[in-house]
Structures are given as structure tokens and as C-alpha cells.
Amino acid sequence: MKSSVLLTKPLTRKAFASFGDVIEIDQAQHFSINAGGVERYHDLAKVDIDVESGGRAIISYFKINDAKQFPHKFNLIERHPKGSQAFIPLFDAPVVIVVAPKGESVSSANLQAFVTNGKQGFNFHAGVWHMPLISEKKDHLFVVVDRAGPGNNCDELTFENEVIELTLA
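Residues numbered from 1 in each chain as written. Predicted model: local features only at pLDDT ≥ 70, side-chain atom pairs only at ≥ 80, totals over all residues. Heavy atoms only, no water.

A. Region of interest: the overall build of the protein. Of regular secondary structure, the protein possesses 1 helix and 15 strands. The C-alpha radius of gyration of the protein comes to 17 Å, within 12% of the 15 Å expected for a compact globule of 169 residues. Its C-alpha atoms put the protein at 60 × 40 × 30 Å along the principal axes. Per-residue burial for the protein yields a buried fraction of 41% across its 169 residues. Charged side chains of the protein number 17 positive and 20 negative; the gap between the two group centres comes to 1 Å. (Helix = DSSP H or I, 4+ residues; strand = E, 2+ residues; numbered from the N terminus. Rg over C-alpha atoms; globule rule 2.2 N^0.38 Å. Buried < 20%, exposed > 50% of the residue type's maximum accessible area, 1.4 Å probe, protein only. Lys, Arg positive; Asp, Glu negative; His and termini not counted. Charge placed at Lys NZ, Arg CZ, Asp CG, Glu CD.)

If you want it as C-alpha cells, here you go:
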């Protein structure tokens, strides 16, 4: 069985641009609303939904049921070809994410790992391969903006005879 180690790097807009959007207020366009009582940080991520297939944007909560420890071993990734998927954590702790470029097939050599600064959310572009959501703490809660509608919107790929060890840098 093949084994490889994948190290995390900080999540930045530039490093993550080909996979999706970083959702954060640092350096974001913003302006005052409600007579100056609220600061609106505007247009932080592109919600991309295949509406031609009957899809629509939805907002959900995802709650972590099983805490994962690092290093974390995995061999399963997934993608959502009919819509983007945004995750906004409702806690102040780093989140580790793994992504690979869009395409019909993917190799473990194409995987990249990022770790948030504890205040960032992230939005996977439609079709971007990614590791399923994990957290070091049980019951961590995320707001998720993604697609609902007819048709399959989740493709899974298992790296056969291979295990990737995800390690915090």
C-alpha cells in the first residue's frame, strides 16, 4: 500500500484562488449600513449554483460528530459538480482543508492542504475535489451555503491501495 505525507500551509486568498474563495474580513470590500451602526463586508465568495438543472442555493448547519486527531489518515475525497460549497465556522479555531483541482480524475500528487487562521471560512468552487469536512473537536458547527435540487451533486473518489497522512506543518 502506498503512503504519502501531506503538509498544511496557511490559507491565503492567493494560494487558494484556483480552488475557491477565502471568506474573511481582512482586506475585504466593506462599507457602513444602517445609519453607520453596521459594517457590511461585501461579496466575500461567489455562490455558484447550476440552476438549469433545477438547483437552488440553500443554507444549512453541519455539526462535527467525530473529532479527528493529527496526523490524520484518509483516502477519500469528493466534489460537487453542480454547485459551490461554502463553509463558515461558528467557532474560533483553525480548520484544516485538503483540495485538488477540478477534473474528471485526480491523483494524490495533486492534493494541497491548507489551515485557516481560526477566523476564515472557505468556499470550494463547483467541481473542486476536497477531503470531507473534519475538525479536531466534536460538535464544532459550520454554516454551509451550497446547492439543493435534482440530480447527483456529490462524486466520491477513493484512492485505492493508498493512504494519505495529513500533518500540521
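Read on, since the account is not over.
B. Examining the packing of aromatic side chains more closely. Within the structure shown, the criterion is met by 10 aromatic pairs. Centre to centre, the rings of F87 and F124 are 5.8 Å apart; their planes meet at 70°, and the pair counts as edge-to-face. Linking F87 in strand β8 (residues 85–89) with F124 in strand β11 (residues 121–124), this pair joins segments that are 37 residues apart in sequence. Among the residues examined, F87 registers a relative accessible area of 3% and is labelled buried. Using a relative accessible area of 3% as the deciding quantity, one classes F124 as buried. Through a chain of ring-to-ring contacts, three or more aromatic side chains come together here, namely F16, F19, F62, F87, F91, F114, F122, F124 and F142. (Phe/Tyr/Trp six-rings, centres within 6.5 Å; stacked < 30°, edge-to-face > 60°.)

C. How the structure looks around the pattern of salt bridges. By the definition in use, this model includes 6 salt bridges. D139 is the salt-bridge partner of K63, the closest N and O atoms lying 3.9 Å from each other. Pair noted here: K63 is in strand β5 (residues 56–63) and D139 is in the loop between β12 (129–130) and β13 (141–148), with a separation of 76 residues, a long-range link. One connected set of salt bridges, linked through shared partners, spans R79, E104 and D155. (Salt bridge = Lys/Arg side-chain N within 4 Å of Asp/Glu carboxyl O.)

D. Unusual backbone geometry, seen in detail. Cis geometry marks the peptide bond from F70 to P71; its omega dihedral reads 0°. Here P71 shows up in the loop between β5 and β6 (72–74). A positive phi angle is found at N34, which is not glycine, with a value near 50°. With respect to the element layout, N34 can be found in the loop between β3 (30–33) and β4 (38–41). Its identity is not glycine, yet D43 carries a phi of approximately 55°, on the positive side.

E. Inspection of the pairing of strand β1 (residues 2–10) at higher detail. In this structure, β1 lies alongside strand β15 (residues 162–167), joined through 6 bridges in parallel fashion. Note on β15: the bridge partner recorded for L6 is L166. (Pairing = 2+ DSSP bridges.)

F. Structural detail: the side chain of Q120. Note that Q120 resides in the loop between β10 (112–115) and β11. There is a polar contact of 3.0 Å between the side chain of Q120 and the side chain of E24. In terms of polar contacts, Q120 uses its side chain to reach the backbone amide nitrogen of N117, at 2.8 Å. With residues near it in sequence (within four places) discarded, Q120 still touches L11, V22, I23, E24, P89 and V115. (Polar contact = N/O pair within 3.5 Å; in protein donor to acceptor, adjacent residues only side chain to side chain. Contact = heavy atoms within 4.5 Å.)

G. Examining the environment of A148 more closely. Take A148: it is sitting in strand β13. Separated by 66 residues in the primary sequence, A148 and K82 have C-alpha atoms spaced 9.3 Å apart. If we ignore the near neighbours within four places in the chain, the residues touching A148 are G54, G55, R56 and I58.

H. Representation of the environment of D26. As for its position among the elements, D26 is in the loop between β2 (20–23) and β3. A sequence separation of 31 residues divides D26 from A57, and the C-alpha atoms of the two residues are 26 Å apart.

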